[in-house]
Amino acid sequence: MNILLLSMPDAFEHTSPVTMRMPNGALGSLAGNLDPHHEVAIADLILAQRQVRQTVEGLMRERTPDVVGLSIMTFQRRTAKRVIALIRDLQPEVRVVVGGYDPSLAADVYEDPSWGVDFIVRGEGDITFRELVRALERGVEPAAVAGLSYRRAGTFVRNPDRPVSRLSGEDVRPPRRAARVLQGYTFLGRPIDVVETSRGCTYDCSFCSIIEMRGRNFHTWSIDRVLDDIGDARARGARAIFIVDDNITIDVGRFEAICRGIVDRGLQDVDYLVQGMTSSIANHGDRLAPLMKAAGFRYVFLGIENVLEGDLQFLRAAAKNQQRENGKAAGNATQRAIDVLHRHGMYVVGGLIVGNPEDTRESIEANLAFARAEVDWPYIQHPTPYPGTPMTKEFRERGLVVNENVEEYDGTTAVVRSAHLPAAEIEYQRWRAERWMKLRHFWPALAHNPRFVLRHGREMLAHTFRGSSLRSMLGLEDERTVFARYQALRRAEREYLPEAADAGVNGRGGPAASASGGSRARAARPGRSMGTPVLPTAPDAGREPARRH
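Predicted, not measured: the structure shown is a model, and the values here were computed from it.

1. Thoughts on the packing of aromatic side chains
Here the distance between the centres and the angle between the planes together describe a pair of aromatic rings.
In step 1: Per the counting criterion, the structure on display carries 16 aromatic pairs.
In step 2: Ring centres of Phe255 and Phe297 lie 5.5 Å apart, and the angle between their planes is 90°; on these two criteria the pair is classed as edge-to-face. Of this pair, Phe255 sits in helix H9 (residues 252-264) while Phe297 sits in strand E15 (residues 297-305); the two residues are 42 residues apart in sequence, bridging distant segments of the chain. Summarising the burial analysis for this pair, Phe255 and Phe297 share the class buried.
In step 3: An aromatic cluster of at least three residues, connected via ring pairs, comprises Tyr428, Trp431, Phe483 and Tyr486.
In step 4: Geometry around Tyr428 places Arg480 over its ring, the cationic atom sitting 4.0 Å from the centre.

2. Notes on empty space enclosed by the protein
In step 1: For the largest cavity, the calculated volume is near 140 Å³.
In step 2: Lining the largest cavity we find Glu13, His14, Thr412, Arg430, Trp431, Glu434, Arg435, Lys438, His463, Thr464, Arg466 and Tyr486.
In step 3: Looking at the lining of the largest cavity, the elements with two or more residues in it are helix H15 (423-439) and helix H17 (450-464).
In step 4: A total of 5 residues in the lining of the largest cavity trace back to one element, the largest contributor, which is H15.
In step 5: A per-class count over the lining of the largest cavity returns 2 nonpolar, 4 polar and 6 charged.

3. Some points on the sheet that holds strand E8 (residues 155-158)
In step 1: An order of E3-E1-E4-E5-E6-E7-E8 is seen for the 7 strands of this open sheet, with the pairing classed as mixed. The outermost strands of the open sheet, each flanked by one partner alone, are strand E3 (39-44) and E8. Looking at each pair of strands side by side, their axes are set apart by 20° on average, direction ignored.
In step 2: Pairing analysis gives 4 bridges linking strand E7 (residues 148-152) to E8, with the strands arranged antiparallel. By the bridge assignment, Ser149 is partnered in E8 with Arg158.

4. Observations regarding the sheet that holds strand E14 (residues 271-276)
In step 1: The strand order E10-E13-E14-E15-E18-E19 describes an open sheet built from 6 strands, whose pairing is parallel. Of all the strands in the sheet, the pair left with one neighbour each is strand E10 (192-195) and strand E19 (377-381). Between one strand axis and the next, the sheet turns through 20° on average, direction left out of account.
In step 2: Where strand E13 (residues 240-243) and E14 come together, 4 bridges link them in parallel fashion. Each residue of the ladder has a partner; that of Ala240, found in E14, is Asp271.

About the cut-offs
- Residues numbered from 1 in each chain as written.
- Predicted model: local features only at pLDDT ≥ 70, side-chain atom pairs only at ≥ 80, totals over all residues.
- Heavy atoms only, no water.
- Phe/Tyr/Trp six-rings, centres within 6.5 Å; stacked < 30°, edge-to-face > 60°.
- Helix = DSSP H or I, 4+ residues; strand = E, 2+ residues; numbered from the N terminus.
- Buried < 20%, exposed > 50% of the residue type's maximum accessible area, 1.4 Å probe, protein only.
- Lys NZ or Arg CZ within 6 Å of the ring centre and 35° of its normal.
- 1 Å grid on protein atoms, 1.4 Å probe; cavity = no way out; pocket = protein on both sides within 12 Å on 5 of 7 lines; lining within 4 Å.
- Points joined across faces, edges and corners; volume = space filled by probe spheres on them.
- Nonpolar A, V, L, I, M, F, W, Y, C, P; charged D, E, K, R; others polar.
- Pairing = 2+ DSSP bridges.
- Axes fitted to C-alpha atoms, helices over the stretch in contact; angles between N-to-C directions.

These figures capture arrangement, not role.
Here is the structure:
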């Protein structure tokens, strides 16, 4: 069979597209887990953001697929519906499969006939998608495929859930990177790829889609398989690799062994990016950080979440930010984690969430001030009501959700208010401070990647300061005018197939709801993206945002 796998062009705006474009790791895993006789093509539409229609039309014409699979996150829902409509116009009989966080946690949306979806892969998709394709190949009803919903006689049948994979043995095979048909993955000019060493997390943060998707668990691949996968990515040209695990630092000893293995195999000439937990790095950093540095780790995303105890309690993130001494709790681990990483020459990407239910201007400013002083690149998001998370339940019960337009659930658009501030004011306060924090990292980036930054520096700065003008830089224009212009530009950027219709994007049929309360102001990060898209679901790269969804 001919199979086309698509990830959506919608991306988080923390970095400019010229700076970072990463592959969707889930699609590579799906391709790798299909039987080898199938013709599979992977197209990450983030590589064709301004040519989505032309790219999809070309792929459909050249590949004439029997099956098209789409990986979808909540803020990509509108674009996904438009892409499916385009696919149906081009090839009405093609079978359409959707998967990832949003179809898994909001399957009823995709069951609506207006979507034109045939199959929904819920949860991890490596095995479910393989079994579905086998059923289609044999021409039998996929009634025995766990984790699948499918259309039959005008309604959807929901098969039982599939247990999460334990990642032992050969049930989940390595990714098939050779199936990618678009080019241009980059991180500051270095070809980038993604590698997954484990899945899952045992913590229960209130904003996290991962727990709703797969429960509280942690499963790992063998270290030899991980190192083989890194070697494959490097052999294919990667000079930067993002380790996309939900929480690799749950098992510090294993992470240390991976670092040693990278050095032993001579794979340390790559820039590595990883997500880490402050408590693990603070409590084990004296031993772990030197190994990370020797292995080539350059950027560490820390899930700080918030520097105020009350907000950490709301986010259910206090435990993972706990420092321990002599087996006893000894305060917040964030500062020590940052210090140990800086001491060993690594950069901290600081993940913070502002705009929580009891936030005031002062509490938000406390987090912004901390980010200004301590982190190298801010990854500051607003809490977002993703389907199924505990956070969503509380925000809705308190009437704090002011925007139902899911295409704006991207983490940097404030879609909930606090008890003390409107959503637009929360977003303005973050935007006003964060862009100047990002400017500081321009110089380390220039030192490490001089040719790229000299060539693209203007584009990088234009993205960070979009909405600004000569008048605003001279102080002749109010910052709120600049902010309004930035918001208008961002709305325009989200139009990847602007001529398509949007009926039923936010729910089961009917037009998209408009923002209430007059605010137009995604989750708290790809996850924890309050971040991970995927076809059926292995982590994807652009997640980050993924863990938050």
